[in-house]
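Results of the structural survey
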Amino acid sequence: KAIANADENIANGADEEAAAAEAANAAPQKKETRSKAAAGAKTVRAEVIEGLYAGQTFDLKPKSRSPCFIGRSAGKKFRDRGISMPNDGEVSTTHAKVEVKGGKAYYTDVGSTNGTLLNGEEVEPNVPLVITDGMQLLIGAELVRFTLI
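One structure accompanies this document, and this report is about it. Since the model is a prediction, treat every value here as computed from it, not as a measurement. (Residues numbered from 1 in each chain as written. Predicted model: local features only at pLDDT ≥ 70, side-chain atom pairs only at ≥ 80, totals over all residues. Heavy atoms only, no water.)

Looking at the sheet that holds strand 5 (residues 96–101)
One open sheet accounts for five strands, arranged 4-3-5-6-9; its pairing is mixed. This sheet does not close on itself; its edge strands, each paired only once, are strand 4 (83–84) and strand 9 (129–130). Here six bridges tie strand 5 to strand 6 (residues 104–109), and the two strands are oriented antiparallel to one another. Note on strand 6: the bridge partner recorded for V100 is A105. (Pairing = 2+ DSSP bridges. Helix = DSSP H or I, 4+ residues; strand = E, 2+ residues; numbered from the N terminus.)

Right, dumping it as C-alpha cells:
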C-alpha cells in the first residue's frame, strides 16, 4: 500500500511539476503581449509653467485602457497616476485625461466647466487632441507645457 501511495504521489508530483512548467511557459507569453502594448506607450511630461502649481513637473505614463487623469480631485487615480491640483478653483474635479492610442499621446478635455485653451482657443470637449512636443495648454489657471519623453 505504501509503495502504491508513493507511486501515486510521484505521479501527482510529476503532474504538478508539468502543470507548473506549462504555466511558467505561458506566463512570459502574456508578459510579452503586455510589453508590446506598453512599448508604444510614451511618457508625457507635464510641466506647470504658470499658475498656483508653477514649477511642478508630472511624468504621466498612460497605458492602453488606463489613462492618466488631470483635475482638482485629490483621489488616488489623480495623485498616483495623474495630476491633482486641488487648490485651483478653475480646474474641474475631473478636467481631462491623457491617454495613448496607436503609439500617440492624446489630451482630452472631458467636458470641464471652464474648458482648456490651446493658443487662446478653446479645445473641443471630448475630442482627443494629439499631444505634440512643447505644446502648451491652459488648464484652469495653470499653463502646462507637455513634452514627450
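Overview of the packing of aromatic side chains
Enumeration according to the criterion identifies two aromatic pairs in this entry. Taking the centre distance of 6.1 Å and the plane angle of 50° together, the rings of F69 and F78 count as tilted. According to the relative accessible area criterion, F69 is buried, its value standing at 17%. Residue placement shows K77 over the ring face of F69; its charged tip is 4.2 Å from the ring centre. (Phe/Tyr/Trp six-rings, centres within 6.5 Å; stacked < 30°, edge-to-face > 60°. Buried < 20%, exposed > 50% of the residue type's maximum accessible area, 1.4 Å probe, protein only. Lys NZ or Arg CZ within 6 Å of the ring centre and 35° of its normal.)

A few points about the pattern of salt bridges
All told, the structure shown has five salt bridges when counted by the stated rule. Across the salt bridge formed by K97 and E99, the nearest N and O atoms sit 3.9 Å from each other. By relative accessible area, K97 is classed as partly exposed at 22%. Note on E99: relative accessible area 11%, which makes it buried. With a closest N to O distance of 3.9 Å, K101 and E99 form a salt bridge. Connected through shared salt-bridge partners, K97, E99 and K101 make up one network. (Salt bridge = Lys/Arg side-chain N within 4 Å of Asp/Glu carboxyl O.)

Quick notes on the side chain of D109
If you trace the backbone, D109 turns up in strand 6. Among buried Asp, Glu, Lys and Arg side chains, D109 stands out as unpaired, with K97 the closest opposite charge at 11 Å. Engagement of the side chain of D109 in a polar contact is seen with the backbone nitrogen of G111, the distance being 2.9 Å. In this structure, D109 is in contact with H95, A96, G115, T116, P125 and N126, ignoring residues within four places of it in sequence. (Lys, Arg positive; Asp, Glu negative; His and termini not counted. Polar contact = N/O pair within 3.5 Å; in protein donor to acceptor, adjacent residues only side chain to side chain. Contact = heavy atoms within 4.5 Å.)

With respect to the pairing of strand 6
On a regular strand, one side chain projects to one face of the sheet and the next to the other, so that they alternate. Among the six residues of strand 6, five are classified as buried, and the element is accordingly described as predominantly covered. Count of turn residues in the strand 5/strand 6 antiparallel hairpin: two residues, of which G102 carries a positive phi of about 55°. Pairing analysis gives two bridges linking strand 6 to strand 9, with the strands arranged antiparallel. Across the sheet, residue Y106 finds its bridge partner in strand 9, namely V130.

None of the figures reported here should be taken as evidence of function without further support.
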